[in-house]
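Here are the chains, one letter per residue:
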Amino acid sequence: MENNNKGFFLILFLGFLTPIMMLFFPVEGGGVSLIFVLTVPILIGISIVFSIIYFYLNKWKFTSGSKSIFLFLLCAILVGLAFLLYPYRQN
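Read on for a plain summary of the structure. (Residues numbered from 1 in each chain as written. Predicted model: local features only at pLDDT ≥ 70, side-chain atom pairs only at ≥ 80, totals over all residues. Heavy atoms only, no water.)

1. Some words on the overall build of the chain
- Helix and strand content of the chain: 4 helices and 0 strands.
- Each helix and strand of the chain, placed in order from N terminus to C terminus, yields the pattern α-α-α-α.
- In the chain, which comprises 91 residues, the proportion classed as buried is 32%.
- Counted over contacts in the chain with a minimum sequence separation of 6, partners at least 24 positions apart contribute 80%.
- For the chain, the exposed area adds up to about 5800 Å²; of that, 74% sits on carbon and sulfur atoms. (Helix = DSSP H or I, 4+ residues; strand = E, 2+ residues; numbered from the N terminus. Buried < 20%, exposed > 50% of the residue type's maximum accessible area, 1.4 Å probe, protein only. Contact = heavy atoms within 4.5 Å. Areas by Shrake-Rupley, 256 points an atom, 1.4 Å probe, with all protein chains shown as cover.)

Set out below in structure tokens:
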């Protein structure tokens, strides 16, 4: 059960990856409003849905191997979306 909680909170944390990335990577001038209006709420919503799905994998009697595959896929989707939707400054 503790491993399930770690995966649950990891998925929720990855939903907030875009605001964390803003601290470390430069943002293009016009893209700042796009981040707050579109990207952040969409990624947080997707992470909430993914975390609920991952939380209920225990009740659906999935094995630990399939849960870890689900965790990897859900985290990869969230990280991929965060990097794809982030407006980088191109020099």
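After that view of the structure, there is still more to cover.
2. Observations concerning helix H4 (residues 64–85)
- The end-to-end C-alpha separation of H4 is 31 Å, in line with the 32 Å expected for 22 residues at 1.5 Å each.
- Of the positions making up H4, those classed as buried are Lys-67, Leu-71, Leu-74, Cys-75, Leu-78 and Ala-82. All buried residues of H4 project into a common sector of 95 degrees when viewed along the axis, lining one side. Turned more than 90 degrees away from the buried face of H4 sit Ile-69, Phe-72 and Leu-84, all of them exposed. (Expected span 1.5 Å × (residues − 1). Arc of directions from axis to C-beta.)

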